[in-house]
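As a plain string of letters, each chain reads:
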Amino acid sequence: MSIRVSDLAKELGVTSSQLISALHDLGVEVAGPTSTIDEDTAELVRELLASQSAGVTEVPENVIVRDFADILGISPSDVQKALIEMGVLASLTQTIAFEQAEKVAAKLGKDIRKGTGRAPTPAKPKAKPKAAPKGARERPPVVTVLGHVDHGKTSLLDAIRNTRVTAGEFGGITQHIGAYQVIKNDKPITFIDTPGHAAFTAMRARGAQVTDIAVLVVAADDGIMPQTREAIDHARAAGVPIIVALNKIDRPDANPERVKQQLAEVELIPEEWGGDTMVVPVSATEGTGIDDLLERIQLQAEVLELTADPAADPEGVVIESRLERGRGPVATLLVQNGTLKIGASVVVGSTYGKVKAMIDDKGQRVQKAGPATPIELLGLQDVPNAGETLTAATDDRHARQAAQERTDREREERLASSAKVSLEDLYRKLREGEVKELNVVIKSDVDGSAEAIRQSLDELSTDEVAVKVIRSSVGNVAESDVMLAAASSAIVIGFNVRVEKEAIAAAERERVEVREYNIIYELLDDVRKAMAGLLEPEEKEEIIGHAQVRQLFKTPGGMVAGSYMQDGRITRNSLVRVMRDGKVVFSGGVDSLRRFKEDVREVVSGFECGIQVDGFNSIQENDIIEAYEIQQVARTL
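Residues numbered from 1 in each chain as written. Predicted model: local features only at pLDDT ≥ 70, side-chain atom pairs only at ≥ 80, totals over all residues. Heavy atoms only, no water.

## Re the sheet that holds strand 15 (residues 315-324)
Okay, so step 1: Taken in spatial order, the 6 strands close into a barrel running 15-16-21-19-18-22, and their pairing is antiparallel. Strand after strand, the sheet turns through a mean of 45° between neighbouring axes, direction not considered.
Okay, so step 2: Where strand 15 lies against strand 22 (residues 389-393), 3 bridges are found, and the strand directions are antiparallel. Looking at strand 22, one finds that G316 is bridged to L390. (Pairing = 2+ DSSP bridges. Helix = DSSP H or I, 4+ residues; strand = E, 2+ residues; numbered from the N terminus. Axes fitted to C-alpha atoms, helices over the stretch in contact; angles between N-to-C directions.)

## Structural notes on the confidence of the model for the protein chain
Okay, so step 1: Averaged over all residues, the pLDDT of the protein chain is 79; the fraction at 70 or higher stands at 81%.
Okay, so step 2: Low pLDDT, under 50, characterises residues 117-132; the predicted model gives this stretch 14 contacts beyond four residues in sequence or across chains.
Okay, so step 3: Overall, residues 423-435 carries pLDDT values under 50, and its contacts beyond four positions in sequence, including any with other chains, amount to 27 contacts. (pLDDT = per-residue confidence, 0-100. Contact = heavy atoms within 4.5 Å.)

## What to know about the nonpolar core
Okay, so step 1: If you look at the biggest cluster of nonpolar residues, it comprises 25 residues, and the most contacted ones within it are L156, I160, F191, L293, L294 and I297.
Okay, so step 2: Contributing elements (two or more residues each) for this core: strand 8 (142-147), helix 7 (153-166), strand 9 (179-184), strand 10 (187-192), strand 11 (213-219), strand 12 (242-247), strand 13 (278-281) and helix 11 (290-304).
Okay, so step 3: Broken down by element, this core gets its largest block of residues, 5 residues, from helix 11.
Okay, so step 4: Within the second largest apolar cluster, 20 residues are counted, among which are V549, C609, I619 and A627. (Core = buried A, V, L, I, M, F, W, Y, C linked by side-chain atoms within 4.5 Å. Buried < 20%, exposed > 50% of the residue type's maximum accessible area, 1.4 Å probe, protein only.)

## Focus: a negative patch on the surface
Okay, so step 1: Taken together, the side chains of D447, E451, D458 and E459 define an acidic patch exposed on the protein surface.
Okay, so step 2: With respect to the secondary-structure elements, D458 resides in helix 13 (residues 447-460). (Patch = residues over 30% accessible without salt bridge, like charges linked within 9 Å, V, L, I, M, F, W, Y side chains within 5 Å. Areas by Shrake-Rupley, 256 points an atom, 1.4 Å probe, with all protein chains shown as cover. Salt bridge = Lys/Arg side-chain N within 4 Å of Asp/Glu carboxyl O. Lys, Arg positive; Asp, Glu negative; His and termini not counted. Charge placed at Lys NZ, Arg CZ, Asp CG, Glu CD.)

## Examining the pattern of salt bridges
Okay, so step 1: Inspection of the entire model under this criterion finds 28 salt bridges.
Okay, so step 2: Note that R471 is salt-bridged to E230, the shortest N-O span being 3.2 Å. With R471 in strand 24 (residues 465-474) and E230 in helix 9 (residues 226-238), this residue pair connects regions lying 241 residues apart in the sequence.
Okay, so step 3: Under the relative-accessibility criterion, E230 is labelled buried at 13%.
Okay, so step 4: Through salt bridges with shared partners, a single network forms among E230, D233, K443, R471 and D481.

## Looking at the packing of aromatic side chains
Okay, so step 1: Applying the stated rule across the entire model yields 2 aromatic pairs.
Okay, so step 2: Between Y180 and F191, the ring centres sit 5.7 Å apart and the planes meet at 20°, which makes this aromatic pair stacked. Linking Y180 in strand 9 with F191 in strand 10, this pair joins segments that are 11 residues apart in sequence. When sorted by exposure, Y180 lands in the same class as F191, which is buried.
Okay, so step 3: For the pair F586 and F616, a centre-to-centre distance of 4.7 Å together with 10° between the ring planes defines the contact as stacked. Pair noted here: F586 is in strand 30 (residues 583-595) and F616 is in the loop between strand 33 (608-613) and strand 34 (624-633), with a separation of 30 residues, a long-range link.
Okay, so step 4: Taking the ring centre of Y628 as reference, the NZ or CZ of R577 above it sits at 4.1 Å. (Phe/Tyr/Trp six-rings, centres within 6.5 Å; stacked < 30°, edge-to-face > 60°. Lys NZ or Arg CZ within 6 Å of the ring centre and 35° of its normal.)

As structure tokens, then:
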């Protein structure tokens, strides 16, 4: 029985030319697609093409974006980003042609061919959330508003604040304390009113993780600006979810779709495009969309499952502070856990005091403040720094003592470290899971150089050490770059750019290393050396000597082996193995090492000594004691 080449190609889902090429590999020559081959040859070519297509995924001629991602086993957002680079905007439920799918697969390093497609891999069930600690209750979300200076951040904050008046709180806000709460659907939301992402990051640099959600304000008539990108970098470095407030939609030149396209390009894919970024149209001046924004914030807070224990010892963080005439040190504080009460003794950073008064965001005195509640605190001895933490103390004496201990510890840390991160001491960096990361901020003279450096650094990453570029942009090294590096334990690399005066001062103050290069190979070589320092050193065993047991002595402390050093040496700190008939009968350390009843540090070849092996009294004459050391050997990439 024979079969035509074109029919077999159709059956196998390949072109006739591909099939003819496979036949040629088998040593079978055919004239063209209309030629016929016998069934045995057809079976051989089926097996050949099956082996060649191992690892090649079949995709239908037309496939839905979400199903295509499932077939490839990758994130749908990766598929959407690849499509955007091709100029195609597609939602998760949109169908794309095989030709488009093939280009996407090539971008993502996947091999596909046209076929029926396999069934999408069923999604893994989401892990159940961990049970909240005993006593934990739901708490309000803490939100920081970030964005470009002219995009209406202040107007939006004012519009949000004014929603309280419509809720029945006539008289509005009597006092602005840098933080406030808004009630929506009978649930409070706490807003932190900071000067922007610089203050937001400065607090993180001091270890204060205050924010649960970041609201990114983007003007619908202007789009993403350099400061917007900075805000995105800072929010991502903090690891908080981002909700986009698309402001100024009332403007005649507003173009929301163009802004959504820009958001997708910086990997903030809107929900209506199948992504996971909430984009809420608002107008701060007209007050439209504010309720929708607050509801979206509460929806995100539900996903985060934010909890705190009101009965725990109070903990909080300073948002801002000042010295006021007639009131003394005043700290705007966010209570994060527990309940702070009047009369409590507290430690705040390196200062302390007793809570004399607390004023809420409406200007009213309160007796207590629970989790996620912003208050003004009076009663501290000195003005604390923003980002410093508050903890409770049993009384004034313990508070004073704890504050002094903190001051001493901070002084020691400053003296012990001249830099938070440097290429010389990156072995101190902590693991993140099982992978170590070298965080880098890149500033370059042109975009092409920045992209080349980023790609080259990505290629240096290994399974053990990863280079993570947390920001890559064009321009001189600015103060904001240093602050981002400080908050992320990163180094700053400048390529063919200068370091601004403010950035130099910030780097000295925050102890961040800034490296300048004009040759890319020198840059990569230094980073490669730094990564080698992050690798765990290998442990190498070195045998240093052998001693033969010739006589045994019983002592009150255990059995002592009178031994003769055959070669090498043995020390009091050596690790030893007791060998009997060529087999190891015990491994441990040296408990004591003596010569003529005198303790010694070391005995070398040709001398006699008394060795007591720690934890082993079954030693026998003619046993061999093998001494060895474990050395740390630096590894290279």
